[in-house]
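Below are the chains, spelled out letter by letter.
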Amino acid sequence: MSDHLERFAHARYNVRRKVLKLFGGAFHIRDEQGNLVLFSKQKSFRIKEDISLFDDEQQTTQLIHITTQSIFDIAGTYAVKDAQSGAVIGGLKRAGLSSSFIRDRWLILDTNGQEIGEILEDSQLKALLRRFVDLVALLMPQKYHATIAGQTVATYQQNFNPFVYKLDVDFSMDDQNAFDPRLGLAAAILLAAIEGKQN
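Residues numbered from 1 in each chain as written. Predicted model: local features only at pLDDT ≥ 70, side-chain atom pairs only at ≥ 80, totals over all residues. Heavy atoms only, no water.

(A) Representation of the overall build of the chain within the structure. The secondary structure content of the chain amounts to five helices and 12 strands. Taken across its 199 residues, the chain has 45% of its residues classed as buried. In the chain, of all internal contacts separated by at least 6 residues, the share reaching a separation of at least 24 is 36%. Accessible surface for the chain amounts to roughly 10500 Å². Of this, 53% is attributable to carbon and sulfur atoms. (Helix = DSSP H or I, 4+ residues; strand = E, 2+ residues; numbered from the N terminus. Buried < 20%, exposed > 50% of the residue type's maximum accessible area, 1.4 Å probe, protein only. Contact = heavy atoms within 4.5 Å. Areas by Shrake-Rupley, 256 points an atom, 1.4 Å probe, with all protein chains shown as cover.)

If you want it as structure tokens, here you go:
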């Protein structure tokens, strides 16, 4: 197995978002042993999101490319590609304005853009409280469940930390390998970059 493929063979990962005041955000994805798997810098004030994930902090080799389909796509549809081959891995679509104000929900799309699953915030009541009560957001951090064909394939759990955004990603329940971990980690970056700003 090549080094690049090994990066996506783990059951659990941790995403850390570091805020850089002048340059946007930096994202580190590490495996359970603390090894760096993916790194990305996101520029501030981008109308059209274009996120590249690299193999190291020097951004030596681009592995995954995430980009919006159109600057006019209010709902937010993101194509996820293998940067080495250019092949489409799948897509992620934010479920419109309701995902901002009620409960975060993302659609998981296959290589043809067809819906195959969803990523949903754990509770509508908790989601509403998090948006309006800061203490609740701290004491009950966001959690998401990813499902494909009605089966849970991953969870995303935000850690309690008022200073640094951290997200634990768990693919261990995906016995059938239904959720491409590259697509799952792209989703983690989008959750940290977009939904994480609400907290």
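Read on for the rest.
(B) Up close: the pattern of salt bridges. Tallying each qualifying case throughout the model produces five salt bridges. Notably, a salt bridge pairs Arg 182 with Asp 180, separated by 2.7 Å at the nearest N-O pair. Take Arg 182: its relative accessible area is 23%, and that puts it in the partly exposed class. Given the relative accessible area of 23%, Asp 180 is considered partly exposed. One continuous salt-bridge network, built from bridges that share partners, spans Arg 12, Glu 32 and Asp 170. (Salt bridge = Lys/Arg side-chain N within 4 Å of Asp/Glu carboxyl O.)

(C) View of the environment of Gln 114. Looking at where Gln 114 falls in the secondary structure, it is placed in the loop between strand 8 (105-109) and strand 9 (115-121). For the pair Gln 114 and Gly 91, spaced 23 residues apart in sequence, the C-alpha to C-alpha distance is 8.7 Å. When residues no more than four places from it in sequence are discounted, the contact partners of Gln 114 are Ile 108 and Leu 109.

(D) Region of the structure containing the packing of aromatic side chains. Applying the stated criterion across every chain, the model contains three aromatic pairs. Arranged with centres 5.8 Å apart and planes meeting at 40°, the rings of Tyr 78 and Trp 106 form a pair that is tilted. Placement of the pair is Tyr 78 in strand 6 (residues 77-82) and Trp 106 in strand 8, with a sequence separation of 28 residues. Of the two residues examined, Tyr 78 and Trp 106, each falls in the buried class. Ring plane angle 75° and centroid distance 6.1 Å describe the contact between Phe 171 and Phe 179, whose orientation is recorded as edge-to-face. Exposure class is identical for Phe 171 and Phe 179. Each is buried. Each residue in the set Tyr 13, Phe 171 and Phe 179 is aromatic and connected to the rest through ring pairs, giving one cluster. (Phe/Tyr/Trp six-rings, centres within 6.5 Å; stacked < 30°, edge-to-face > 60°.)

(E) Seen up close, the pairing of strand 5 (residues 62-68). For strand 5, the tally of buried residues reaches five of seven residues, placing the bulk of the element in the interior. Pairing of strand 4 (residues 50-54) with strand 5, which is carried by five bridges, proceeds in the antiparallel orientation. Looking at strand 5, one finds that Phe 54 is bridged to Gln 62. Relative to strand 6, strand 5 is paired through five bridges, and the arrangement is antiparallel. Counterpart to Ile 64 in the pairing with strand 6 is Asp 82. (Pairing = 2+ DSSP bridges.)

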